[in-house]
Structure formats: structure tokens, C-alpha cells
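The chain contents come next:
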Amino acid sequence: MKKISILVPCYNEEATLHLLYMELRKLIDSQNNYEWEVLFVNDGSKDNTLNLIKELRKNDYHINYVDLSRNFGKENAMLAGFDFVTGDCMVIIDADLQDPPSLIPTMIQEWEQGYLDVYARRAGRGKESWIRKKFSLLFYHILDHSTRFDILQNVGDFRLLDRVCINALKKLRENERYNKGLFCWIGYKKKEIVFNRGDRIAGQSSWNFLSLFNLAIEGITSFTTAPLRFASILGGSIALMAFCFLIFYVTKTLVYGDEVKGFTTLIASIFFLGGIQLLFIGILGEYVGRIFNETKRRPPYIAYQYNENIIQ
Ligand code: UDP
Ligand code: MG
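Because the structure is a prediction, the values reported are computed rather than measured.

## Section: the overall build of the protein chain
Thought 1: Check the secondary structure of the protein chain and you find ten helices and nine strands.
Thought 2: Residues classed as buried in the protein chain amount to 43% of the 312 residues present.
Thought 3: Looking at the protein chain alone, contacts between residues at least 24 apart form 82% of all its contacts between residues at least 6 apart.
Thought 4: Summed over all atoms, the accessible surface of the protein chain reaches about 17,000 Å², with 61% contributed by carbon and sulfur.

## Considerations on the nonpolar core
Thought 1: Among the nonpolar cores identified, the biggest contains 35 residues, and V8, W36, F40, I104 and F158 are the most heavily contacted of them.
Thought 2: At six residues, the largest contribution of residues to this core is made by helix α1 (residues 17-30).
Thought 3: Contacts of W36, omitting those with residues within four sequence positions, involve K3, I4, I6, L27, I28, Q31, H62, I104 and I108.
Thought 4: Grouped together as the second largest cluster of nonpolar side chains are 27 residues, F84, F183, Y301 and Y306 included.

## A closer look at helix α10 (residues 263-295)
Thought 1: With 33 residues, α10 extends 48 Å between its outermost C-alpha atoms, agreeing within 8% with the 48 Å of an ideal straight helix rising 1.5 Å per residue.
Thought 2: T264, A268, G275, G282, G285, E286, G289, R290 and N293 are the residues of α10 that are buried.
Thought 3: Phi for R297, located one or two positions after α10, is positive at around 50°.

## Observations concerning the coordination of the magnesium ion (ligand 2)
Thought 1: Donor atoms from the polypeptide that bind the magnesium ion (ligand 2) are D96 (OD) and Q98 (OE1), placed at 1.9 Å. Neither D96 nor Q98 differs from the other in exposure class; each is buried.

## Points about unusual backbone geometry
Thought 1: One non-glycine residue, N12, lies in the positive phi region at around 50°.
Thought 2: With a relative accessible area of 31%, N12 lands in the partly exposed category.
Thought 3: With phi around 50°, R297 is a residue other than glycine that occupies positive phi space.
Thought 4: Locating R297 in the fold gives a position in the loop between α10 and β8 (303-306).
Thought 5: With a relative accessible area of 73%, R297 lands in the exposed category.

## So, the packing of aromatic side chains
Thought 1: In total, this model carries seven aromatic pairs according to the counting rule given.
Thought 2: On the basis of an interplanar angle of 40° and a centroid distance of 6.1 Å, the ring pair of F243 and F272 is categorised as tilted. Here F243 is found in helix α9 (residues 226-256), whereas its partner F272 is found in helix α10, with 29 residues between them in sequence.
Thought 3: Under the relative-accessibility criterion, F272 is labelled partly exposed at 30%.
Thought 4: Note that K2 overlies the ring of W111, its terminal NZ or CZ placed 5.0 Å from the centroid.
Thought 5: Sitting over the face of the ring of Y115, K189 holds its NZ or CZ atom 5.0 Å from the ring centroid.

## Overview of the packing of helix α3 (residues 74-84) against helix α6 (residues 163-171)
Thought 1: Packing of α3 against α6 brings their axes to within 9 Å, and their N-to-C directions diverge by 125°. As summarised for this structure, α3 and α6 are arranged oblique, according to the angle between their axes. When you trace α3 past α6, the crossing you get is left-handed. Facing α3, whose interface residues are L79, F82 and D83, α6 presents I166, L169 and K170.
Thought 2: Residues belonging to the contact of α3 with α6 are distributed by class as follows: four nonpolar, no polar and two charged.

What counts and what doesn't
Residues numbered from 1 in each chain as written. Chains lettered and ligands numbered in written order. Predicted model: local features only at pLDDT ≥ 70, side-chain atom pairs only at ≥ 80, totals over all residues. Heavy atoms only, no water. Helix = DSSP H or I, 4+ residues; strand = E, 2+ residues; numbered from the N terminus. Buried < 20%, exposed > 50% of the residue type's maximum accessible area, 1.4 Å probe, protein only. Contact = heavy atoms within 4.5 Å. Areas by Shrake-Rupley, 256 points an atom, 1.4 Å probe, with all protein chains shown as cover. Core = buried A, V, L, I, M, F, W, Y, C linked by side-chain atoms within 4.5 Å. Expected span 1.5 Å × (residues − 1). Donors = N, O, S within 2.8 Å, 3.2 Å for Na, K, Ca; no water. Phe/Tyr/Trp six-rings, centres within 6.5 Å; stacked < 30°, edge-to-face > 60°. Lys NZ or Arg CZ within 6 Å of the ring centre and 35° of its normal. Axes fitted to C-alpha atoms, helices over the stretch in contact; angles between N-to-C directions. Parallel < 35°, antiparallel > 145°, perpendicular 65-115°, else oblique. Left-handed = near helix turned anticlockwise from the far one by under 90°. Nonpolar A, V, L, I, M, F, W, Y, C, P; charged D, E, K, R; others polar.

What follows is the structure in C-alpha cells.
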């Protein structure tokens with residue numbers, strides 16, 4: 001019998017965990033021609049999530065869990081999941097039921113047809129602010145035009161991956177992970193399913209605009225690269241200010257005449273170029289910072305416990 005693993009990264013999900021479990025339970029009961037595993041990765045939750053998972057495991061042998069030593073972020077928590085899932089395929093799903101488990105049977109059907117990566121594309125983006133939507137559009141646009149492989153838009157982590165994909169992903173041990181990109185990078189035969197993404201049923205999204213922005217500039221920055229980012233933000237603002245300054249003074253000079261010849265343009269262009277230079281030093285810094293983080297060769301996560309066993 002084929003085995004299907006469901007991977008659920010969890011960070012402070014005590015409010016939603018039980019509802020998710022009920023949904024998954026329904027699914028497992030309705031699909032008894034497969035063997036099932038539900039693997040929770042507790043990503044250093046500060047609430048009661050871990051105890052709830054342990055409680056569920058007591059009554060249901062399908063449930064396994066990995067407990068990370070602290071919060072490593074969703075991207076790395078997912079890698080922990082890839083390492084520990086035992087199924088012939090795996091479905092990655094958020095704990096907050098924004099990804100409907102009712103879609104999983106369709107995914108399995110496509111998998112049985114021979115597709116190795118069945119991903120769900122959101123038809124709409126739900127209750128997101130206008131600016132967030134625009135930003136994500138811009139982000140995909142930049143990524144799509146700067147890489148060799150297709151970056152899929154409006155596609156999250158909700159997908160079914162065959163064992164061959166899991167093994168390929170396990171080989172990619174980078175610290176600065178951006179899994180959505182890696183799923184595309186590994187290639188393999190993909191199939192799309194469209195669905196409507198709902199809103200969180202309970203609890204709070206742990207993402208804010210800034211954290212999404214950071215993810216967008218590729219992965220989560222470690223504390224040491226933050227000053228470099230600061231340089232790029234500062235440079236950008238100076239350049240913008242200088243640009244406004246330039247427009248203002250040039251217009252003023254055109255309308256009211258010029259007291260000292262060339263003064264305004266000179267000042268404005270010094271500021272503008274200074275800003276641009278800082279901006280690009282900042283961007284360079286982003287890359288140097290990534291090199292710095294990768295050369296340390298730290299493991300992307302540390303697991304403390306797999307089920308009842310402490311990992312030594
Ligand atoms: N998550 C995680 N570690 C984190 C942040 C989030 O494992 O540091 C999990 C979270 O528990 C949830 C999923 O990642 O299962 C998606 O998180 P969230 O709903 O906050 O993100 P959004 O839906 O807003 O993208
Ligand atoms: Mg969510």
C-alpha cells in the first residue's frame with residue numbers, strides 16, 4: 001500500500017490545531033486504500049502547540065512530530081519535515097486551514113496519473129491589502145525575469161510532492177531558503193490545480209509586511225546582514241529625496257530665474273548619485289551577507305525531538 005505523508009509546519013497554532021486534525025482525520029478515514037502519516041513540525045512554538053500535538057499522538061498512531069530547538073522559520077521547518085517524512089509522497093499544508101484539505105484527494109488522483117509535483121494555485125489572494133498584492137506581483141515579475149526556470153505566481157507551499165522530489169529537495173541544504181523557488185528549481189513533471197484560498201480560521205498570521213519583504217529579497221536575513229539592508233534603504237530614500245529636490249529646484253529655477261548658476265543642479269546631482277551609490281552598496285551587501293551566512297555551513301535547523309526520542 002502506498003504511504004502518504006501530510007507535513008504541517010506549526011508555529012503558535014494552538015487555536016487551529018484541533019480543527020485541522022478533525023479535517024485530516026475525515027480525510028484519512030475516507031481514503032483507506034492508502035497508508036497515512038501526519039507529521040507536525042513544531043517550529044519553536046511559544047504556546048501550547050507541542051503539548052496538543054503530543055496529546056493527539058497518544059490517540060492516533062498516524063501522528064508523528066518533530067520538535068525544533070527554537071523557531072527557525074517556516075522555510076527551514078519545512079526542510080526538517082522533508083528530512084523526517086516517511087511517505088511515498090508528501091502533502092505540505094498550513095496549520096491554519098487556509099489550504100483546504102478537501103483538495104488533497106484531487107492531488108492524489110493527479111499523482112496517480114504520474115505527476116510528481118501537484119501544486120495548488122490560488123484563484124484569488126483573499127483578504128490582502130492592495131499594496132501587498134501589488135508588491136507580490138512586482139516580486140514575481142522580477143524573479144521570473146531573472147531566473148532560468150519558471151517561477152509560479154500565486155502558488156504557495158500547498159502541494160503534493162513525490163518521493164523523488166522530496167529526495168531532490170533534501171539535497172538542497174542552503175540556509176537562506178526560499179522553498180517556493182526551490183520547488184520550481186528542481187523541475188519534474190508538474191500539474192496545477194486551482195483553488196480559492198480562504199482566510200485564517202483562528203490565530204494570527206505570523207507574517208507582517210516587513211517579513212514578507214525580507215522573504216521576497218530571498219530568505220530570512222540573519223541579524224548580521226541587517227545593517228547592510230539599512231544602507232540600501234537609506235540610500236534609496238536619499239536618492240528619492242534628491243530626486244524630488246531636483247524636480248522642485250529645476251522647476252523653481254525655470255520659473256523664477258537663477259541666482260547662482262548651476263548651484264541647484266550640482267547639489268541635487270551630488271545627493272542623487274550619493275544615494276544611488278549607497279543603494280547599490282546595500283544591494284552588494286545583501287549578496288555578501290548571504291555568502292557570509294552560507295560559508296558558516298550551519299545546519300538550517302536543529303531538531304530536538306522526533307516523537308518520543310531526543311535527538312542526540
Ligand atoms: N509557520 C512556521 N514557522 C514560522 C511561521 C509560520 O512553521 O516561523 C507556519 C504556520 O504555523 C503555518 C504556516 O507556517 O502553518 C503558514 O503561516 P501563516 O499562516 O502565519 O502564513 P500566511 O498564511 O500568512 O502566509
Ligand atoms: Mg496562513
